[in-house]
Amino acid sequence: MSRTTPHPTRLPLLLIALVVWAASASAQSAYDQSVLAAILERQAPLPESPVEYTVWHVGHGSGNSVLARHDLYKAVGEGDPERGRQRLALAQLLGGPPAESLTTGDSLVLPARPADFDLSPLAYAPYPRWWPGATDIDKIVVVDKTTQTWAAYADGRLVRWGPSSTGAAATPTPTGRFTMNWRAMERESSEAPEGETWLMRYVMNIHNLRGIHLHQYDVVPTGAPQGHGCIRMVTSDATWLWEWSSGWQTSAGEGVLGGRPTAPGTMVIVQGTEPTAAPERFVHRAHGPVRVAVMLPPDPLAVPRGDR
């Protein structure tokens, strides 16, 4: 849906003790689309081993938030404050706040080594890099409601992932195995309040009867999902997925609503449950924070159909 993107809510983070960092983001805050686009489109190395994370603190020593942030920028940037400020943008891919909103005493979970801030976005995915059960499927998309993320696999290899926002707990996105049906570059939402027009862009339908789509939306919450069943995506991901995937083949053409279907579109698996608060992104262990991992079904074709 297309609306004016509000500036992310600027609220101080909760100090991390023995709890998960997920509580740090306001349920009403949203991803910064321009920041995410720069990270999601980054061409950078993918390390062989998983990224290790730690808790970074905005120190109390200076007694001044500006100076405290400057010290954090220097630490993350290996002595270069501007480089550190740019690296801290990674927090938003992981559901965190803008660096400029941090104040003294705040804490956030990010890579333990400064050099690990500059990797391929795939390095920070909660998804496995290989999906053995999907090696014989040329293209498959997964939407994980529990973590509020999505991923694309080609022949079992992870090729893209990003944040998403599904239906709210009261209006959940249906789970199961779907295929992309009709597609539309732009479509008006039937859920808009009276007197308003919500335009959805890059609309990829997976449940024609219920009108469930993956689509671009200007406001993708970092906290609890707020939608009516559709799957909101940030613009850079929606445009990528539109080009990468395909709708059904019909006698009227590819991705067309109308005509006789002759072949299915790209497979989509929707799994998990909608969180009622910000999704859990890290769990605290004795040795430090650990990224919450998405578990994929051993056999995608064994997942029950969800479009019935």
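Source: prediction; values computed, not measured.

Participant: Can you help me understand the overall build of the chain in this one?
Facilitator: The helix and strand tally for the chain stands at five helices and 16 strands. A sequence separation of at least 24 residues applies to 68% of the contacts in the chain between residues at least 6 apart. Carbon together with sulfur atoms contributes 53% to the accessible area of the chain, which is approximately 13700 Å² in total.

Participant: So what exactly am I meant to see when it comes to the environment of Arg291 here?
Facilitator: Tracing the backbone shows Arg291 in strand β16 (residues 288-291). A sequence separation of 241 residues divides Arg291 from Pro50, and the C-alpha atoms of the two residues are 9.7 Å apart. Apart from residues lying up to four places away in sequence, Arg291 is in contact with Tyr53, Leu94, Tyr124, Ala125, Pro126, Trp161, Arg281 and Phe282.

Participant: I keep staring at helix α2 (residues 65-76) and nothing clicks. Help me out?
Facilitator: Side chains three or four residues apart in an α-helix point the same way, a direct result of the helix having 3.6 residues per turn. When the terminal C-alpha atoms of α2 are compared, their 16 Å separation across 12 residues agrees well with the 16 Å that a helix rising 1.5 Å per residue should span. Residues Ala68, Arg69, Leu72, Tyr73 and Val76 constitute the buried set of α2. Each buried residue of α2 lies within a common arc of 145 degrees when the element is viewed along its axis, so the set occupies one face. Contacts made by the buried residues of α2 are with β1 (53-57) and α3 (81-87). In this structure Asn64 caps α2, since a side-chain oxygen of it lies 2.8 Å from the backbone nitrogen of Val66.

Participant: Mind showing me how you'd approach the side chain of Lys145 here?
Facilitator: Relative to the assigned elements, Lys145 resides in the loop between β3 (140-144) and β4 (149-154). For Lys145, the contacting residues outside a window of four places in its chain are Thr166, Pro172, Thr173, Thr175, Val270, Gln271, Gly272, Thr273, Glu274 and Pro275.

Participant: What am I meant to see in the sheet that holds strand β12 (residues 253-254) here?
Facilitator: Within a beta sheet, neighbouring strands are joined by backbone hydrogen bonds and run either parallel or antiparallel to one another. Reading across from one edge, β12-β11-β13 is the order of the three strands in this open sheet, with antiparallel pairing throughout. Among the strands making up the open sheet, the edge pair consists of β12 and β13 (261-263). In this sheet, β13 lies alongside strand β11 (residues 249-250) in antiparallel orientation, the contact comprising two bridges. Residue pairing for β13: Thr250 is matched across the bridge by Pro261.

Participant: What exactly am I supposed to notice about the side chain of Ser120 here?
Facilitator: Along the chain, Ser120 turns up in the loop between β2 (107-111) and β3. Assessed through its relative accessible area of 8%, Ser120 is described here as buried.

Participant: So what exactly am I meant to see when it comes to the pattern of salt bridges here?
Facilitator: Once the charged atoms of two side chains with opposite charge are near each other, the side chains can pair. Per the stated rule, a full pass over the model turns up 12 salt bridges. In this structure, Glu78 engages Arg87 in a salt bridge whose closest nitrogen and oxygen atoms are separated by 3.0 Å. Linking Arg183 and Glu254 is a salt bridge whose minimum nitrogen-to-oxygen distance equals 3.9 Å. With a gap of 71 residues between them, Arg183 in strand β7 (residues 183-188) and Glu254 in strand β12 connect regions that are remote in the sequence. Residue Arg183 is classed as buried on the basis of its relative accessible area of 14%. Connected via shared salt-bridge partners are Glu78, Arg83, Arg87 and Asp118.

Participant: I tried to follow the environment of Ile39 on my own but got confused; where do I start?
Facilitator: Structurally, Ile39 is set in helix α1 (residues 33-40). Separated by 197 residues in the primary sequence, Ile39 and Ser236 have C-alpha atoms spaced 10.0 Å apart. Excluding anything up to four places from it in sequence, Ile39 contacts Ala89, Leu90, Leu93 and Pro121.

Participant: How should the nonpolar core be read in this particular structure?
Facilitator: Generally speaking, soluble globular proteins have nonpolar side chains that are buried together. Counting 47 residues, the largest nonpolar core has Tyr124 and Tyr127 as its most contacted members. Tallying contributions element by element places α2 first for this core, with four residues. Counting 19 residues, the second-largest nonpolar core is a separate cluster that includes Phe178, Ile212, Leu241 and Trp244.

Participant: Please explain the confidence of the model for the chain as it appears in this structure.
Facilitator: Close inspection of predicted coordinates is inappropriate for parts of the model with low pLDDT. This prediction gives the chain a mean pLDDT of 86; 86% of its residues lie at or above 70. Segment residues 1-27 is flagged for pLDDT under 50; beyond a separation of four residues in sequence, or across chains, it makes 82 contacts in the model.

Participant: Would you mind showing me how to read unusual backbone geometry here?
Facilitator: Negative phi characterises most residues that are not glycine, and trans characterises most peptide bonds. Backbone geometry places Glu78, a non-glycine residue, at a positive phi of 55 degrees. Not every positive phi belongs to a glycine, and Tyr202 is a case in point at roughly 50 degrees. Tracing the backbone shows Tyr202 in strand β8 (residues 199-207).

Definitions and cut-offs
- Residues numbered from 1 in each chain as written.
- Predicted model: local features only at pLDDT ≥ 70, side-chain atom pairs only at ≥ 80, totals over all residues.
- Heavy atoms only, no water.
- Helix = DSSP H or I, 4+ residues; strand = E, 2+ residues; numbered from the N terminus.
- Contact = heavy atoms within 4.5 Å.
- Areas by Shrake-Rupley, 256 points an atom, 1.4 Å probe, with all protein chains shown as cover.
- Expected span 1.5 Å × (residues − 1).
- Buried < 20%, exposed > 50% of the residue type's maximum accessible area, 1.4 Å probe, protein only.
- Arc of directions from axis to C-beta.
- Polar contact = N/O pair within 3.5 Å; in protein donor to acceptor, adjacent residues only side chain to side chain.
- Pairing = 2+ DSSP bridges.
- Salt bridge = Lys/Arg side-chain N within 4 Å of Asp/Glu carboxyl O.
- Core = buried A, V, L, I, M, F, W, Y, C linked by side-chain atoms within 4.5 Å.
- pLDDT = per-residue confidence, 0-100.

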